[in-house]
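Per-entry structural report
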Amino acid sequence: MQLIPQPMFADYDILLACGLLIFWCGYWLVHISAICYGKYKLYRKPKPESSVQSIPSLVSLEHGLPRNTKKQYPGVSILKPLLGVDPNLFVNLSSYFQMEYPTYEVLICVVDQNDPAAMVANRLLEMYPSVDARLFLGGSQVGVNPKINNVHAAYQAAKYSLILISDSSIKSIQIINTFFGFEIKLKKFKLIYLINLLLFAVKKDTLSDMVDNMADDVAIVHQVPFTCDRIDNRTEPMTSPLSNNTTDPSSFLKLDGKVEYQYQTRKQRRFVSTLEKVFFGTAHARVYLMADLVGAICHTGMSTLLRKQAMDECGGLQAFASYLAEDYFMAKFVVARGWRTTISSRPALQNNGGSELSKFQDRLRRWVKLRIAMVPHTIVLEPLSECLILGACAAWAANTLSGGSIDPYAFYMIHVLVWFLLDWILLNVMQNGPLPFTKFEYLVAWLYREFMGPYLFLTALLWRPSVVTWTTRQYRLRWGGLSEIYNQQSTSSSSDSITATVPIATTTSVTYDTTVPNNYCSTHQQQPPNGIGFTSKIKV
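Residues numbered from 1 in each chain as written. Predicted model: local features only at pLDDT ≥ 70, side-chain atom pairs only at ≥ 80, totals over all residues. Heavy atoms only, no water.

Going by an unreviewed UniProt entry, the protein chain carries the name ceramide glucosyltransferase and comes from Aphis glycines. In its Subcellular location (unreviewed entry) section, the UniProt record describing the protein chain reads: "Membrane". Recorded in UniProt under Sequence similarities (unreviewed entry), the annotation for the protein chain is "Belongs to the glycosyltransferase 2 family." (UniProt positions renumbered as here; feature names shortened; annotations may be inferred.)

Attention now moves to the UniProt feature "transmembrane region" (unreviewed entry) in the protein chain. Sequence positions flagged by UniProt for "transmembrane region" (unreviewed entry) are, in local numbering, residues 14-37, 409-430 and 442-463. As annotated, residues 14-37 comprises 100% helix and 0% strand, and the C-alpha atoms at either end are separated by 34 Å. (Helix = DSSP H or I, 4+ residues; strand = E, 2+ residues; numbered from the N terminus.)

Here the focus is the sheet that holds strand β15 (residues 303-307). Sheet architecture is open: seven strands sit in the order β5-β4-β3-β6-β15-β11-β16, paired in mixed fashion. Each edge of the sheet is formed by a strand with only one pairing partner; in this case those strands are β5 (133-137) and β16 (340-343). The average angle at which neighbouring strand axes cross in this sheet is 20 degrees, direction not considered. With five bridges joining them, strand β4 (residues 104-110) and β5 adopt parallel strand pairing. Its bridge partner lying in β5, Ile 108 is registered against Leu 135. This element, helix α3 (residues 116-127), spans β3 (76-82), β4 and β5 of the sheet and lies at about 160 degrees to β5. (Pairing = 2+ DSSP bridges. Axes fitted to C-alpha atoms, helices over the stretch in contact; angles between N-to-C directions. Contact = heavy atoms within 4.5 Å.)

The final tally for this structure, using the stated rule, is 15 salt bridges. Among the salt bridges present, the one from Asp 132 reaches Lys 159, with a minimum N-O distance of 2.5 Å. Of the two residues, Asp 132 sits in the loop between α3 and β5 while Lys 159 sits in the loop between α4 (146-157) and β6 (162-166), which places them 27 residues apart along the sequence. Overall, the relative accessible area of 28% leaves Asp 132 in the partly exposed class. Here Lys 359 and Glu 356 are joined by a salt bridge, their closest N and O atoms 3.9 Å apart. What makes Glu 356 partly exposed here is its relative accessible area of 27%. Linked by salt bridges that have partners in common, Lys 147, Asp 167 and Glu 326 make up one network. (Salt bridge = Lys/Arg side-chain N within 4 Å of Asp/Glu carboxyl O. Buried < 20%, exposed > 50% of the residue type's maximum accessible area, 1.4 Å probe, protein only.)

Evaluated as defined, the whole model comprises 18 aromatic pairs. Between the aromatic rings of Phe 23 and Tyr 27, the centroid separation amounts to 6.3 Å while the plane-to-plane angle is 25 degrees, which identifies the pairing as stacked. Pair noted here: Phe 23 and Tyr 27 are both in helix α1 (residues 10-41), with a separation of four residues, about one helical turn. Accessibility expressed as a relative area gives 10% for Tyr 27, which makes it buried. Aromatic side chains Trp 24 and Phe 411 sit 5.1 Å apart centroid to centroid with 40 degrees between the ring planes, which places their arrangement in the tilted category. Residue Trp 24 is found in helix α1, and its partner Phe 411 is found in helix α13 (residues 408-431); the two are separated by 387 residues along the sequence. Of the two residues, Trp 24 and Phe 411, neither departs from the other in class, the shared state being buried. Through a chain of ring-to-ring contacts, three or more aromatic side chains come together here, namely Phe 23, Trp 24, Tyr 27, Trp 28, Phe 411 and Trp 419. The positively charged end of Arg 44 is found above the aromatic ring belonging to Tyr 40, 4.4 Å away from the centroid. (Phe/Tyr/Trp six-rings, centres within 6.5 Å; stacked < 30°, edge-to-face > 60°. Lys NZ or Arg CZ within 6 Å of the ring centre and 35° of its normal.)

Now the structure itself:
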């Protein structure tokens, strides 16, 4: 009897199909866990520290907080690294001068004294003399990381044991929590509700919320990155850039009395703003929340509160200056020393002034390259976490294991539909309120992001995977996350839209009178006190 040889890879198909289906089922668990954990962790209202019987009267409220329940908060040093300006810089930076937090200092860091951001910082120092704030110029050359070089001097000069490093695009907001007290009495078998309604608002800000999460064994409290409901996403018509009543600062900057309009259609601006909110509220938030739930390291340094003692144990900020992804290695080092990291209950609201699709895509490519350099196994895991790729793999696996009885196309469509609906739920959890776009706009942005994700990953992997551009320089990445300067020439004269509006000077020193009008803040933002504009000089 002659034996018929079996195909060599017959069993491998079954094993691969089983592995893919197991991974597919596990990723649905990631979806559901992220939604549940986001609902539990985000936007949690603090419990009133006093019982109903001891609730103070309205007369005893002071600055929105009951006098007998006011918590003693430690001092915090806020480090704000700036490079160039965008139209929302003034609004974002001023929000840190208007916080309700009791004790803090603002340390603004600018490398180049001729940077227009220094002019904005100086004006805010004049507008808020009661705020403990200083401007640090020049930076320190302690490594290749430009952010650490910028804030290192301020870090050493910080007065307090808690350090908040917040990017220039992050806007601080106030949180108002409302509590109700009720008194119920029973009289003569008739239930009579004598409702003694006591309403008081506890005014906090994101900094207070982050400090609340700083337990004794926690070294880093960070925020889930998200986006503001920017003007680009509003439904009202955009004001003409040449009008004297223009209130949208993202459309122009005044230089020497001339208005330069950054041309971009309203539909383009709205789409990019929607795309950013969909990305940070779905794909990014899903991984971020799940990582915090299981205790994995997933730390983005857009807005992070550090315990200075833990940082000094690791060698201070300069110990991370050799890494471009300094936030990841900060968390890795402190966890290795027995500390914990956790997320705040409030997301970090990015309020970028520009809405350019190419810049957003370049940013995501840079993150892909950094992740591959730090954690190489993401080359396999990251593509499989994409909806379209994982769905195709799972459809093939289901068809293979069922012997062809399961239609792979129907399986794939159901997979995409359920993924789409779960992302919609997670986005609403992140937003915690009405979304500033329609369901159709969400559908378009979601489809674009799902098709864009594999494309950006592939281009980042194939096109100069070890070279990234950040701010005005290029860097070469090494395995393990170490980096070095790739070339000494700047790739641009500034990092944001100011490069499109400031004339290039051919002489050694040219002075421009730069006037920021009274309506520099958006109609949805708080106006500067006393309604005054400001004039300063920029040397180019």
